[in-house]
Amino acid sequence: MVSTTAEKRPAGIFAPRYRALTIGMVALITLAAFEYLAVATAMPVVAAELNGHALYGLAFSGALAAGVVATVLGGRWGDLGGPVAPLWTGVAVFAAGLILAGAAPTMDLFVAGRFVQGFGAGMLQVSMYVLVSRVYPAELHPRVFSIFATAWVVPSMVGPAITALVVENVDWRWVFYGVAVILLPAALLLWRGLASAPMSEQPPVPARSPIMRRLGWALLVAAGAALMQYGGAARGAGFVLLFIGLAVLGAALPRLLPPGTLRAARGLPSVISLRGIAAGAVIGGETFLPLMLNEERGLSLTMAGLVLTGGALSWSFGSWVVGRRRFERVPLLRLGSLLITVGLVLMALTVFAVVPVAAAFAGEIVLGLGMGVVYPTLSVLVLELSPPGEEGENSASLGVAESVYTVVSVAIAGALLAALGTLGVVYMLCFALVAVLAATGIVVAGRVRA
């Protein structure tokens, strides 16, 4: 599996000319990850204080919808004018959203702050992909994306605990203010890194469709995703919203992705499709695992949540491994997809009382290892397969597929739970669905090369 070609090793990602930029980007990703996890922990208190339970779901779906639109805009902006302007715009908008959410006197303004945060985070992510393609040589891309994945580990381990401590002993508003304050030194590091890192220039190329048309389709995709999310959580008429949202996505999503993505055509379309499949399967499984362990196996929510920590650690380890050496991509992606499938099967078996709870821990570790193998490899491939000047647009497609496939997976599983109840057999069905989705990734992995 390991390539035997002898290659001259380039300077590392922490070499003097890259060090500040690498640390600055990792710091920004860590803060974005912390904010993402902190919101889920703090939201019950926020909704109670602001009397906003009716808008609880919108605080999450609004950020997702804004992120889809920002990803499309930021990707094309980065292709046309380089990644620096959309990157700083993302930083500024993300900071503004944090301050707005922290200062919000009502739930309406808090949701508006979350929308602004989502927009800034979406633009940040896609701009960093373009920045990686313009600054680091191709040989270093696996290491860069490996350390990007590792940046999620510390927030995954300590984020919920720190958030709970701040909420209980200070004020939930400082969860947002604190991230905004720490954002300043991270931005200064990024500024210093951009000043010292060499950046190649790429001539802009025509977009697959005009940017205003793409933004219109992005808005429709965001609306369809939000409808599916609401429909999946509701009962009765919720199924109507779910199917309407699915129809909207079916019409709009292909307009934002390379032709053939939904049918996993060979080459770049399969890379983007596999990213969506992996994200939808993993997040779909992890969304309901703590709930199942709490209701079916009697674990406390704290203990059930600790299961996910093992997955974060193995995800980091898998990313580290694939970042250290060059592997043949197709076998590596097939292995990662297989590990995700096996992990989900182990989670499903934990529904049965005769299966020890340790199987869920093992499943999460195996699943996280698979995602650590798949995720950075696909990030590298999307840059390898993108013609010069199209890195931003294709990276945006990668982010859109990841978000939409995840929403569809979680919404369908949530609809089953809402309709049939939280019974063991229903949990088994939910895990079976996402396991089948992960298994399709084994096939799609063989199509990432044209």
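Since we're looking at a predicted model, the values are computed, not measured.

About the thresholds
- Residues numbered from 1 in each chain as written.
- Predicted model: local features only at pLDDT ≥ 70, side-chain atom pairs only at ≥ 80, totals over all residues.
- Heavy atoms only, no water.
- Helix = DSSP H or I, 4+ residues; strand = E, 2+ residues; numbered from the N terminus.
- Rg over C-alpha atoms; globule rule 2.2 N^0.38 Å.
- Buried < 20%, exposed > 50% of the residue type's maximum accessible area, 1.4 Å probe, protein only.
- Contact = heavy atoms within 4.5 Å.
- Areas by Shrake-Rupley, 256 points an atom, 1.4 Å probe, with all protein chains shown as cover.
- Axes fitted to C-alpha atoms, helices over the stretch in contact; angles between N-to-C directions.
- Parallel < 35°, antiparallel > 145°, perpendicular 65-115°, else oblique.
- Left-handed = near helix turned anticlockwise from the far one by under 90°.
- Salt bridge = Lys/Arg side-chain N within 4 Å of Asp/Glu carboxyl O.
- Expected span 1.5 Å × (residues − 1).
- Core = buried A, V, L, I, M, F, W, Y, C linked by side-chain atoms within 4.5 Å.
- Phe/Tyr/Trp six-rings, centres within 6.5 Å; stacked < 30°, edge-to-face > 60°.
- Lys NZ or Arg CZ within 6 Å of the ring centre and 35° of its normal.
- Polar contact = N/O pair within 3.5 Å; in protein donor to acceptor, adjacent residues only side chain to side chain.
- pLDDT = per-residue confidence, 0-100.

As for the overall build of the chain
- In terms of regular secondary structure, the chain is built from 15 helices and zero strands.
- For 450 residues, the compact-globule estimate of 2.2 N^0.38 gives 22 Å, and the chain sits close to it at 21 Å.
- Principal-axis analysis of the C-alpha atoms gives the chain an extent of 55 × 50 × 40 Å.
- Here the chain, with 450 residues, has 54% of them falling under the buried criterion.
- Within the chain, contacts between residues at least 6 apart in sequence are counted, and of these 83% link residues at least 24 apart.
- Carbon together with sulfur atoms contributes 71% to the accessible area of the chain, which is approximately 18,200 Å² in total.

A look at the packing of helix 14 (residues 391–420) against helix 15 (residues 424–444)
- Following both chains from N to C, one finds helix 14 and helix 15 inclined at 165°, their axes separated by 10 Å at the closest point. As summarised for this structure, helix 14 and helix 15 are arranged roughly antiparallel, according to the angle between their axes. For the pair helix 14 and helix 15, the sense of crossing is right-handed. Across the interface between the two elements, Ser409, Ile412, Ala413, Leu416, Leu417 and Leu420 of helix 14 pack against Val426, Tyr427, Leu429, Cys430, Leu433 and Val434 of helix 15.

Description of the pattern of salt bridges
- Using the criterion set out here, one finds eight salt bridges in the structure.
- For arginine 114, the salt bridge is made with glutamate 35, and the minimal N-O distance between the two is 2.6 Å. Placement of the pair is arginine 114 in helix 4 (residues 107–135) and glutamate 35 in helix 1 (residues 16–49), with a sequence separation of 79 residues. Note on accessibility: arginine 114 and glutamate 35 belong to one class, buried.
- Measuring nitrogen to oxygen at the nearest pair gives 3.6 Å for the salt bridge that ties arginine 214 to glutamate 393. Note that arginine 214 is positioned in helix 8 (residues 211–233) and glutamate 393 in helix 14, a separation of 179 residues in sequence.
- Take arginine 214: its relative accessible area is 2%, and that puts it in the buried class.
- Accessibility expressed as a relative area gives 3% for glutamate 393, which makes it buried.
- By sharing partners, the salt bridges in this structure join Arg76, Asp79, Arg214 and Glu393 into a single network.

Structural notes on helix 13 (residues 358–384)
- Along its 27 residues, helix 13 runs 40 Å from first to last C-alpha, staying within 8% of the 39 Å computed at 1.5 Å per residue.
- With respect to burial, helix 13 is a largely interior element, 20 of its 27 residues being buried.

What to know about unusual backbone geometry
- If you check the backbone angles, alanine 264 has positive phi at about 55° while not being a glycine.
- Following the sequence through the fold, alanine 264 ends up in the loop between helix 9 (238–252) and helix 10 (268–296).
- A relative accessible area of 8% means that alanine 264 is categorised as buried.

Considering the nonpolar core
- With 123 residues, the main nonpolar core has Leu21, Met25, Phe110, Tyr136, Phe148, Ile340 and Leu344 as its most contacted residues.
- For phenylalanine 148, the contacting residues outside a window of four places in its chain are Met25, Val26, Ile29 and Val132.

Some thoughts on the packing of aromatic side chains
- According to the stated counting rule, one finds nine aromatic pairs in the structure shown.
- Both rings, one in phenylalanine 317 and one in tryptophan 320, keep their centres 6.2 Å apart while their planes meet at 25°; by these two values the pair is stacked. Of this pair, phenylalanine 317 and tryptophan 320 both sit in helix 11 (residues 301–324), three residues apart, which is roughly one turn of that helix.
- A relative accessible area of 48% places tryptophan 320 in the partly exposed class.
- Ring pairing ties together the aromatic residues Phe110, Trp172 and Phe176, which thus form one cluster.
- Sitting over the face of the ring of tyrosine 375, arginine 275 holds its NZ or CZ atom 3.6 Å from the ring centroid.

Observations regarding the side chain of glutamate 402
- By the secondary structure assignment, glutamate 402 is in helix 14.
- If we skip the residues at most four places from it in the chain, glutamate 402 touches Gln125, Arg275, Gly276, Ala279 and Tyr375.

Let's talk about the side chain of serine 273
- Along the chain, serine 273 turns up in helix 10.
- Polar contacts involving the side chain of serine 273 include one to the main-chain carbonyl oxygen of threonine 261, which spans 3.4 Å.
- The contact partners of serine 273, leaving out residues within four places of it in the chain, are Thr261, Ala264 and Tyr405.

Quick notes on the confidence of the model for the chain
- With 91% of its residues at a pLDDT of at least 70, the chain reaches an overall mean of 83.
- Helix 12 (residues 329–349) holds the highest mean pLDDT among the elements of the chain, 94, whereas helix 6 (residues 153–169) holds the lowest, 76.
- Contacts for the low-pLDDT stretch residues 1–7, under 50 throughout, to residues beyond four places or in other chains number ten contacts.

A closer look at helix 14
- If you check helix 14, its first and last C-alpha atoms are 44 Å apart, about what 30 residues at 1.5 Å a residue would give, namely 44 Å.
- Within helix 14, 25 of the 30 residues are buried, leaving the element largely enclosed by the surrounding structure.

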